[in-house]
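Structural characterization, general
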Amino acid sequence: RAAGDGGPAWVEAAAAERVFTPSNALVGLRLKLRCTPGDGAQRYGPPREVESSGPVEAGPGACTFDSRHLYTKKVCGEGSIRAVSYNILADTYAQTEFSRTVLYPYCAPYALELDYRQNLLKKELAGYSADLICLQEVDKSVFVDSLAPALDAFGLEGLFRIKEKQHEGLATFYRRDKFSLLSQHDIAFSEALLSDPLHKELCDKLAEYPLVQEKVLQRSSVLQVSVLQSTTDPSRKICVANTHLYWHPKGGNIRLIQIAVALSHIKHVACDLYPSIPIIFCGDFNSTPSSGTYSFINSGGIAEDHEDWVSNGEEERCNMPLSHSFKLLSACGEPAYTNYVGGFHGCLDYIFIDKNALEVEQVIPLPSHEEVTTHQALPSVSHPSDHIALICDLKWK
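Residues numbered from 1 in each chain as written. Predicted model: local features only at pLDDT ≥ 70, side-chain atom pairs only at ≥ 80, totals over all residues. Heavy atoms only, no water.

**A short note on empty space enclosed by the protein**
Scanning the entire structure with this criterion turns up 1 cavity of 30 Å³ or more. In this structure, the largest cavity encloses a volume near 40 Å³. In this structure, the largest cavity is lined by Ile88, Leu89, Asp91, Leu114, Arg117, Gln118, Leu121, Glu137, Asp139 and Val142. Elements represented by at least two residues in the lining of the largest cavity include exactly helix H5 (114-126) and strand E6 (132-139). A total of 4 residues in the lining of the largest cavity trace back to one element, the largest contributor, which is H5. Partitioned by chemical class, the residues of the lining of the largest cavity number 5 nonpolar, 1 polar and 4 charged. (1 Å grid on protein atoms, 1.4 Å probe; cavity = no way out; pocket = protein on both sides within 12 Å on 5 of 7 lines; lining within 4 Å. Points joined across faces, edges and corners; volume = space filled by probe spheres on them. Helix = DSSP H or I, 4+ residues; strand = E, 2+ residues; numbered from the N terminus. Nonpolar A, V, L, I, M, F, W, Y, C, P; charged D, E, K, R; others polar.)

Right under this line is the structure:
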């Protein structure tokens, strides 16, 4: 809307796409959407209008994900699954004084604000044309008011699991015309460890190390597990797991116990409840490729003398051998980093797949180092999180 001689006048802007992206020429102007309902018989109802609450603001220009969108213009074909795993940085953590001054001092304050990051995030996720999206650090309000309705418009159904004691949690989205939801099997690690007979042996073992046990039980980490069925081939079912493990750099021993609980629970779902269905296990594992947790997931076992059992010093040592029976592979390999902040960069996020049943068709390249560091580190005006999304196309073997 521009002010003319006789007061403001509306000028029509044509838009052929589902999503209208205002050009720079419209910065500072208001937008109005007019919608006229109609049917095939050319009968029309009265038009409805809605006006934007504020003027169009300048966008970020080139974004870190623009070049990635070139690989994901279309939804992938039948028999293939495009999976995304992404820690989207909860508003709860982005907007603190500590974040603004210590964690992300290089990021323009307006780019840390929720509305700004939400718009970038929706643009980023919509452009991936994914079949499965596993997100971590999702604020409850962001899921309900922003992500679920936006991704719903692109054909994705969302499931949310809050972390107890916190305002953020996990979200799993799946493409409605490719999958239907059969069942959900979410758990909180601490609760499952104490109450589920599945983990009794581990729980008894942990009781021998009261300091570590207390730490494990204090954590509010959760695991989201959904069983999906292909809409075109009902014999194809898949178990999709999503988690965010304990973050502390010295918490390797805690993460090992969390991942042991996770894999036992997933085994119960994918081997006992639904015999031999393939699994896709996404998340922010807060573990680099050199960690005990990564090695345990990859190799199927961890020795009781592994150095991660003393990751927080002698007094919190807890030695136990662990094993699992899955054959898992990191679909996106071991990128140099998936998290890039001022004081740290490393690979913490993975999409693990069942290598007996699934194979990797393509991995969507991560942004170049140059793109990631254009504004020093992440998040930035052109990237909404301190993590980078992992994206790969998988196919059934």
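**Some words on the packing of aromatic side chains**
Following the criterion strictly, the structure yields 12 aromatic pairs and no others. Taking 6.0 Å as the distance between ring centres and 45 degrees as the angle between the ring planes, the aromatic pair formed by tyrosine 294 and phenylalanine 352 counts as tilted. Of the two residues, tyrosine 294 is situated in helix H11 (residues 292-299) and phenylalanine 352 in strand E19 (residues 349-354); the sequence distance between them amounts to 58 residues. Among the residues examined, tyrosine 294 registers a relative accessible area of 5% and is labelled buried. (Phe/Tyr/Trp six-rings, centres within 6.5 Å; stacked < 30°, edge-to-face > 60°. Buried < 20%, exposed > 50% of the residue type's maximum accessible area, 1.4 Å probe, protein only.)

**Concerning the sheet that holds strand E20 (residues 358-363)**
Pairing in this open sheet of 6 strands is mixed, and the strands run E7-E8-E6-E5-E21-E20 from one edge to the other. On the outer flanks of this sheet lie strand E7 (156-162) and E20, each paired with one strand and no other. Within the sheet, the average angular offset between the axes of one strand and its neighbour, ignoring direction, is 25 degrees. Alignment of E7 against strand E8 (residues 168-175), held across 7 bridges, turns out to be antiparallel. Within E8, the residue paired with glycine 158 across the bridge is phenylalanine 173. Here helix H6 (residues 140-152) sits on the sheet and contacts E6, E7 and E8; the angle it forms with E6, its principal contact strand, is near 155 degrees. (Pairing = 2+ DSSP bridges. Axes fitted to C-alpha atoms, helices over the stretch in contact; angles between N-to-C directions. Contact = heavy atoms within 4.5 Å.)

**Examining the pattern of salt bridges**
Think of it this way: side chains of opposite charge can pair up when their charged atoms draw near. For the structure shown, the criterion picks out 17 salt bridges. Between lysine 215 and glutamate 316 there is a salt bridge, and its shortest N-O distance comes to 3.3 Å. Of the two residues, lysine 215 sits in helix H9 (residues 210-218) while glutamate 316 sits in the loop between strand E14 (301-302) and strand E15 (322-323), which places them 101 residues apart along the sequence. Residue classification places lysine 215 among the partly exposed residues on the basis of a relative accessible area of 24%. By relative accessible area, which is 11% here, glutamate 316 ends up buried. Beyond isolated ion pairs, a larger network of salt bridges with shared partners links Lys32, Arg34 and Glu49. (Salt bridge = Lys/Arg side-chain N within 4 Å of Asp/Glu carboxyl O.)

**Topic: the UniProt feature "domain: Endonuclease/exonuclease/phosphatase" (unreviewed entry) in the chain**
As annotated in UniProt, the feature "domain: Endonuclease/exonuclease/phosphatase" (unreviewed entry) corresponds to residues 85-387 in the numbering used here. Counting secondary structure, residues 85-387 comes out at 32% helix and 27% strand; the distance between its end C-alpha atoms is 10 Å. (UniProt positions renumbered as here; feature names shortened; annotations may be inferred.)

**Considerations on H11**
The complete set of buried residues in H11 reads Gly292, Thr293, Tyr294, Phe296 and Ile297. One or two steps after H11, the chain reaches glycine 300, where phi turns positive at roughly 95 degrees.

**Comments concerning the nonpolar core**
If you look at the biggest cluster of nonpolar residues, it comprises 45 residues, and the most contacted ones within it are Leu223, Ile257, Ile259, Ile266, Phe281 and Met320. At 11 residues, the largest contribution of residues to this core is made by helix H10 (residues 252-273). Ignoring sequence-local partners within four residues, the contact set of isoleucine 266 consists of Leu223, Val225, Cys239, Ala241, Cys271, Ile279, Phe281 and Phe326. Counting residues in hydrophobic clusters, the runner-up holds 41 residues, among them Tyr106, Cys107, Leu151 and Ile391. (Core = buried A, V, L, I, M, F, W, Y, C linked by side-chain atoms within 4.5 Å.)

**Description of the environment of leucine 151**
Within the element layout of this structure, leucine 151 appears in helix H6. Separated by 26 residues in the primary sequence, leucine 151 and leucine 125 have C-alpha atoms spaced 8.0 Å apart. Here leucine 151 is in contact with Leu125, Ile133, Leu156 and Phe173, once residues within four sequence places are set aside.

**Focus on H5**
Since one α-helical turn is 3.6 residues long, residues separated by three or four positions face the same way. Under the 1.5 Å per step criterion, the end-to-end length of H5 is 18 Å for 13 residues, consistent within 8% with the ideal 18 Å. Among the residues making up H5, those that are buried are Tyr116, Arg117, Gln118, Leu120, Leu121, Glu124 and Leu125. Where H5 is buried, its residues meet helix H1 (66-69), strand E5 (80-87), helix H2 (91-94), helix H4 (109-112), E6 and H6. (Expected span 1.5 Å × (residues − 1).)

**Some thoughts on unusual backbone geometry**
Between leucine 378 and proline 379 the backbone carries a cis peptide bond, its omega angle lying at -5 degrees. As for its position among the elements, proline 379 is in the loop between helix H12 (369-372) and strand E21 (390-396). Here serine 129, not a glycine, exhibits a phi torsion of approximately 45 degrees, which is positive. Among the structural elements, serine 129 can be located in the loop between H5 and E6. Here glutamate 137, not a glycine, exhibits a phi torsion of approximately 60 degrees, which is positive. Mapped onto the elements, glutamate 137 comes out in strand E6.

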